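As a plain string of letters, each chain reads:
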Amino acid sequence: MTGTRIVNTLHAQEIARILDATIIGTADCSVSGADFIERATATQLAFVGCKRNLKRASASKALLIIAPETVRDYLDDYPGRTFLLVSEPEVAFLKIVGLILPARPRRSVGISSQAVVAASASVGSKTNIHPFATVGKDVVIGECCEIEPGAVIGDGCTVGDDVRIGANTVLYRETVVGDRVTIDAGSVIGSAGFGYRTVNGRHDRLLHAGNVRICDDVEIGACTTIDRAKMGSTVIGTGTRIDNQVMIAHNCQIGEHNLLVSQSGIAGSSSTGAYVVCAGQAGVADHVHLGDGAIVGAKTGIHRDMPGGQKYLGIPARPADQHARETMALKRLPEMRSTVKDLQKQVAILQEQMARQISAADSRVGGQEKAA
Amino acid sequence: MTGTRIVNTLHAQEIARILDATIIGTADCSVSGADFIERATATQLAFVGCKRNLKRASASKALLIIAPETVRDYLDDYPGRTFLLVSEPEVAFLKIVGLILPARPRRSVGISSQAVVAASASVGSKTNIHPFATVGKDVVIGECCEIEPGAVIGDGCTVGDDVRIGANTVLYRETVVGDRVTIDAGSVIGSAGFGYRTVNGRHDRLLHAGNVRICDDVEIGACTTIDRAKMGSTVIGTGTRIDNQVMIAHNCQIGEHNLLVSQSGIAGSSSTGAYVVCAGQAGVADHVHLGDGAIVGAKTGIHRDMPGGQKYLGIPARPADQHARETMALKRLPEMRSTVKDLQKQVAILQEQMARQISAADSRVGGQEKAA
Amino acid sequence: MTGTRIVNTLHAQEIARILDATIIGTADCSVSGADFIERATATQLAFVGCKRNLKRASASKALLIIAPETVRDYLDDYPGRTFLLVSEPEVAFLKIVGLILPARPRRSVGISSQAVVAASASVGSKTNIHPFATVGKDVVIGECCEIEPGAVIGDGCTVGDDVRIGANTVLYRETVVGDRVTIDAGSVIGSAGFGYRTVNGRHDRLLHAGNVRICDDVEIGACTTIDRAKMGSTVIGTGTRIDNQVMIAHNCQIGEHNLLVSQSGIAGSSSTGAYVVCAGQAGVADHVHLGDGAIVGAKTGIHRDMPGGQKYLGIPARPADQHARETMALKRLPEMRSTVKDLQKQVAILQEQMARQISAADSRVGGQEKAA
């Protein structure tokens, strides 16, 4: 996996110390690489994510294996190996991989002669502007940014420090981007929103005089679109993570530390509190609010304001437990249907029997009356 | 919001005249800016969208406020302010904002020396071709167009007058674009459709010899894809508006003045009448027709021809009122489930009681017979 | 449709021979073009796809028409025309269109002086690198490839022979692309996946040290995104076809000869067998497996492992026949609801009648006891 890249060598004891891991085994080995447990060699670090996968260690050549604390009592079957026990094996593993494979040093290339940068633009030190990028009039870009090939920074945009604008991503005019923001390739930020008013059979576009404001520490994926506001700003709150192919419409106010998963979409003027999650392909209607910590399940359709702190599922969305009851009831519906048909028959029989009983009783009374 | 842009000053009387508004108040003020009512200053225009939001006027510094006619009887609580009453406050507000903030004058830059334009291409007067745009062989582009940075106009394309092709948008070969069309950034028009025929376990691509034809006055958003036809043209009808991240497959015939909202998708060879609406994340299957004025709700899945003039919801789609009844019934299904269980018990009790009655009657008859 | 392109002339007998078609008619005509049956002229080939559309032949000027074998007994009404009967009319038609309109000869333009190619990159013979494309360090590109305008090939990527990388498509670092692969415009391959771990209220990005590997003979549409793996590779299997706006998350293992239709999405670490189909707007959750030949219907949401060889529908997904039963039951639910209400009334009446019968019987027994 590591190809020809220079790697660091780390000793088992050092890794254990970094991870604050419990050592099971001798821990007298070093690693200078890492791979999945099926493929790892004797000098590569490996990991087991859960107890169920522990048996993969039998066939592995790996000598040093990160594993969850829950496997502690099952390690006698794997002699000759050192296990480092932690609470989150994959996270720990990737942390050490990051130390073994040092981050590629950032190359300072400055402003490419094949980029177009307006004379009135200001570009901070150590910022790279790659070939075929375009930087418009009155743009301000901070320090240590990467403006990748083909990116377009429209007139009047402001970009903070340590920002990466992906290849062929477009920021339309007056977009404001905070510090430590990543916007991956192919995204479009600040295009006019889908706001029309139908007059005499024509859909006339409403003015979109606002912009998009992306706060600090936001990360945005590839091919995502965020439209600018009619007035004021469409806002993406601090620390929020947006996946690929997400759509955020005009005037949305996305809160802090949200997670918006791929192919989800949020319609115009909607807002979210802090720590809201929209799972894949979820949709949120326009002018609604999702409270702090609301979790919108995959493919769910939010159609009205929803309080925070709980999970929603279904189209239209309802609390997850209600949705589960309905889904279960729906699953049993065909069976219930035959139950109801049975009941209809049984009731019909009872009615017939009852009619006969009543008639018999009547005739008995009649007979007695006659007898009397 | 207006930054350093030059703005116009408008007097309240003039604004009232432009909007044909009813004036409540003295109307002896002027504005030279506009903002949301929470933020507007004494010299900025503000608006209230509905009666519910009228109370926001109390804390506002704004002296001139556009409001709906429905608040007329509730304005005594807001002395010292002038209200302009109209039927559509936001539309009226944005109209005046457009007058206060004059549209940026279109800069004439001609054909950038950093663009590539084929010798056989024809480019109309006052058309701007920005850096890193590519214009292929035999392309014809009309007058007053913007071909934004990085846009790719493939061989044989025809583009009308007053067209904007967004940054990094791609028109594949022989795409035909009418007059006054906008295609926003990152869209791809005219790529080969997803048409395969499986032969001996391989999916062989069918020929896509057709193109895409976009009629006059169409507006298309960012990161939208429209595939070219196998034969003939995929057509987008006059005046239709398409949002971001919409997918239109090969051979679709989209009617006039449609509204196709973000993340909706229309599969191959389907067609729509005039004034069809597809809300966000809606899907339309292949080879189906939606009649004039059909409205497809958010996340709805159309699987067969649907007559126009009504709204559809659900997967699979059904008329909205039927969908509402079913959704309501589904919501009550768990409750109905316990009702049915109760009924089963009650019927079982009745059956037992009936059996006893019948047996008692039988023994009575038997006794009488014996007695007889 | 064919504009000014040079076309070949084909005789009816020759076409029949190529298609192994049954000739009904004289077959003494030639065609030098092709169009839909409504528009075809006397020298253009046309086709009828199914029996229902045969009547369109009446008004057509076309003399040579490809049609399905099922219309054989209905052709007496269309004298003067020659029909060529085949099993798949559209496929046959497009095959002949491909012969009439010869494929545009591939122009060899080599490496554009307006492209940027790193000194350490290796580019095969007859490969075209178009203007404003960027090829990074240590990239290896095979023979006869098209790297379209604005495409970005990141450092360390490997691209096979006969590959087309669409305009403005981005391959991030170390992406591996096999032979005979097409990736259409505006796609992004190899961006870091959406993998975070929340620590002290911050979503910290996990290391994404892996890459994307696209096997031979894969075709990928426009504006599709495929994220790179945390470790190892996100893999797209041989012969798989991916439509526009599809999302494949980090570490997915997509099998061979899959068909992934537009706007479908597959979440992290999921895998598919061979010949899996995901219809439009389908979604697959993370860490699940779809068996060989599984068919996921449009808008369906797969939430757990599903065996192959059958079709799934619904959210959450269930086998298609179960889904059909539930949908039908749901449709009849409002009616069933009134049935249950009726039953409740009928049971209440029965209970009342029964109470009266029991009470009458008791008093009778009491009476008899008294009498005795």
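Rules used throughout
- Residues numbered from 1 in each chain as written.
- Chains lettered and ligands numbered in written order.
- Predicted model: local features only at pLDDT ≥ 70, side-chain atom pairs only at ≥ 80, totals over all residues.
- Heavy atoms only, no water.
- Least-squares fit on C-alpha atoms with pLDDT ≥ 70 in both.
- Contact = heavy atoms within 4.5 Å.
- Buried area = accessible area lost by both parts, 1.4 Å probe.
- Salt bridge = Lys/Arg side-chain N within 4 Å of Asp/Glu carboxyl O.
- Polar contact = N/O pair within 3.5 Å; in protein donor to acceptor, adjacent residues only side chain to side chain.
- Helix = DSSP H or I, 4+ residues; strand = E, 2+ residues; numbered from the N terminus.
- Buried < 20%, exposed > 50% of the residue type's maximum accessible area, 1.4 Å probe, protein only.
- 1 Å grid on protein atoms, 1.4 Å probe; cavity = no way out; pocket = protein on both sides within 12 Å on 5 of 7 lines; lining within 4 Å.
- Points joined across faces, edges and corners; volume = space filled by probe spheres on them.
- Nonpolar A, V, L, I, M, F, W, Y, C, P; charged D, E, K, R; others polar.
- Arc of directions from axis to C-beta.
- Patch = residues over 30% accessible without salt bridge, like charges linked within 9 Å, V, L, I, M, F, W, Y side chains within 5 Å.
- Areas by Shrake-Rupley, 256 points an atom, 1.4 Å probe, with all protein chains shown as cover.
- Lys, Arg positive; Asp, Glu negative; His and termini not counted.
- Charge placed at Lys NZ, Arg CZ, Asp CG, Glu CD.
- Expected span 1.5 Å × (residues − 1).
- Domains from an automatic or database assignment.
- Pairing = 2+ DSSP bridges.
- Phe/Tyr/Trp six-rings, centres within 6.5 Å; stacked < 30°, edge-to-face > 60°.
- Axes fitted to C-alpha atoms, helices over the stretch in contact; angles between N-to-C directions.
- Parallel < 35°, antiparallel > 145°, perpendicular 65-115°, else oblique.
- Left-handed = near helix turned anticlockwise from the far one by under 90°.

Before going further, it helps to spend a moment on the relation of the copies chain A and chain C. Between the two copies of the chain lies a rotation about an axis combined with a shift along it. Least-squares fitting of chain A to chain C yields an RMSD of 0.2 Å, with the transformation described by 0.0 Å of translation along the axis and a rotation of 121°. The transformation relating the two chain copies, once decomposed into turn and shift, fits a three-fold axis.

Quick look at the interface of chain B and chain A now. Contacts between chain B and chain A engage 67 residues on the former and 70 residues on the latter. Regarding the contact of chain B and chain A, the summed buried area is about 5300 Å², with carbon and sulfur atoms giving 63% of it. The interface formed by chain B and chain A holds 5 salt bridges in total. The interface formed by chain B and chain A includes 25 residue pairs in polar contact (both at pLDDT 80 or more). Going through the elements one at a time, α2 (89–100), β26 (241–242), β29 (259–260), α3 (320–331) and α4 (333–371) of chain B are the ones with two or more residues in the side of chain B that touches chain A.

What follows concerns the pattern of salt bridges. A full pass over the atoms with the stated rule returns 48 salt bridges over all chains. Among the ionic pairs, R164 of chain A bridges to E148 of chain A, the shortest N-O distance being 2.9 Å. Residue R164 of chain A is located in strand β15 (residues 164–165), and its partner E148 of chain A is located in the loop between β12 (146–147) and β13 (152–153); the two are separated by 16 residues in the primary sequence. Using a relative accessible area of 11% as the deciding quantity, one classes E148 of chain A as buried. A network of salt bridges, in which partner residues are shared, links R180 and D217 of chain A together with R202 and D204 of chain C.

Moving on, we get to the interface of chain A and chain C. At the interface, 67 residues of chain A touch 70 residues of chain C. Taking both sides of the interface into account, the surface hidden between chain A and chain C amounts to around 5300 Å²; carbon and sulfur atoms contribute 63%. Summed over the shared surface of chain A and chain C, the result is 5 salt bridges. There are 25 residue pairs in polar contact (both at pLDDT 80 or more) connecting chain A and chain C. Listed by contribution, the elements that provide at least two residues to the side of chain A that touches chain C are α3 (89–100), β26 (241–242), β29 (259–260), α4 (320–331) and α5 (333–371) of chain A.

A separate point is empty space enclosed by the protein. All chains considered together, the criterion is met by 6 cavities of 30 Å³ or more. Each pocket or cavity is described by its volume, and for the largest cavity that value is around 220 Å³. Lining the largest cavity are 15 residues, with Q263 and Q281 of chain A, Q263 and Q281 of chain B together with Q281 of chain C positioned closest to its centre. For the lining of the largest cavity, the residue count by class is 3 nonpolar, 9 polar and 3 charged.

Turning our eyes to something else, we now look at helix α1 (residues 12–19) of chain A. All names here are of chain A. Among the residues of α1, A12, I15, A16 and L19 are the ones counted as buried. In an axial view of α1, the angular spread of the buried residues amounts to 100°, which keeps them on one side of the axis. Those residues of α1 that are buried lie in contact with β1 (10–11), β2 (22–24), β3 (30–31), β5 (64–68), β6 (82–86) and α3. Once α1 ends, the next one or two residues include D20, with phi positive near 55°.

On the surface, R304 of chain A, K331 and R332 of chain B together with K341 and K345 of chain C cluster together to form a positively charged patch. Here K331 of chain B shows up in helix α3.

Examined against the element boundaries, D35 of chain A turns out to sit in the loop between β3 and β4 (45–47). We classify D35 of chain A as buried; its relative accessible area is 6%. If we skip the residues at most four places from it in the chain, D35 of chain A touches A40, Q44, L45, A46 and F93 of chain A together with M231 of chain C.

This next bit is on α3 of chain A. Within an α-helix, residues lying three or four positions from one another point in the same direction, as the helix has 3.6 residues per turn. The terminal C-alpha atoms of α3 of chain A, which comprises 12 residues, lie 16 Å apart, in line with the 16 Å expected from a rise of 1.5 Å per residue. Looking at α3 of chain A, one finds that the buried residues are P89, V91, A92, F93, L94, I96, V97 and I100 of chain A.

Another aspect to go through is the domain arrangement of chain A. In many analyses, interface size is given as the accessible surface area lost on bringing the parts together. Parsing chain A into structural domains produces domain 1 (10–100) and domain 2 (116–321). Its C-alpha centre places domain 1 of chain A at a distance of 40 Å from the equivalent point of domain 2 of chain A.

Residue and element names in this part refer to chain C. When you tally the buried positions in strand β5 (residues 64–68), you get 5 out of 5 residues, the bulk of the element. Bridge count between strand β4 (residues 45–47) and β5: 3 bridges; the pairing is parallel. For A46, the partnering residue across the bridge sits in β5 and is I65. Where β5 and strand β6 (residues 82–86) come together, 5 bridges link them in parallel fashion. Considered in β6, the bridge of P68 is made with V86.

A word on the packing of aromatic side chains. With the rule as written, the count across this model stands at 12 aromatic pairs over all chains. Seen from their ring centres, F194 of chain A and Y196 of chain A are 5.2 Å apart, and the 80° between their planes marks the pair as edge-to-face. Each of the two residues, F194 of chain A as well as Y196 of chain A, counts as buried. Taken together, a centroid distance of 6.1 Å and an interplanar angle of 70° make the contact between Y78 of chain C and F83 of chain C edge-to-face. You can call F83 of chain C buried: its relative accessible area is 1%. A connected cluster of aromatic rings, assembled from ring pairs, spans F132 of chain A, F132 of chain B together with F132 of chain C.

This part covers unusual backbone geometry. I315 of chain A connects to P316 of chain A through a cis peptide bond whose omega is -5°. Its location among the elements puts P316 of chain A in the loop between β37 (311–313) and β38 (318–319). Of note, the phi angle at F132 of chain A is positive, near 70°, even though the residue is not glycine. Secondary-structure assignment places F132 of chain A in the loop between β9 (128–129) and β10 (134–135). The phi angle at D138 of chain B is positive, at roughly 60°, despite the residue not being glycine. In this structure, D138 of chain B sits in the loop between β10 (134–135) and β11 (140–141).

Residues and elements named next belong to chain A. Spatially, β2-β6-β5-β4 is the arrangement adopted by the 4 strands of the open sheet, whose pairing is mixed. Whereas interior strands pair on both sides, the edge strands pair on one side only; in this sheet they are β2 and β4. The mean angle between the axes of side-by-side strands here comes to 25°, regardless of whether they run parallel or antiparallel. Pairing geometry for β2 and β6, over 3 bridges, is antiparallel. Across the sheet, I23 pairs through a bridge with L84, a residue of β6.

What follows deals with the packing of α1 of chain A against α3 of chain A. Residue and element names in this part refer to chain A. Relative orientation of the contacting elements α1 and α3 amounts to 125°, with a least axis distance of 11 Å. When the axis of α1 is compared with that of α3, the two are oblique. For the element pair α1 and α3, the recorded crossing hand is right-handed. Contacts between α1 and α3 involve I15, I18 and L19 from the first element and A92, K95, I96 and L99 from the second. Of the residues assigned to the contact of α1 with α3, the class counts are 6 nonpolar, no polar and 1 charged.

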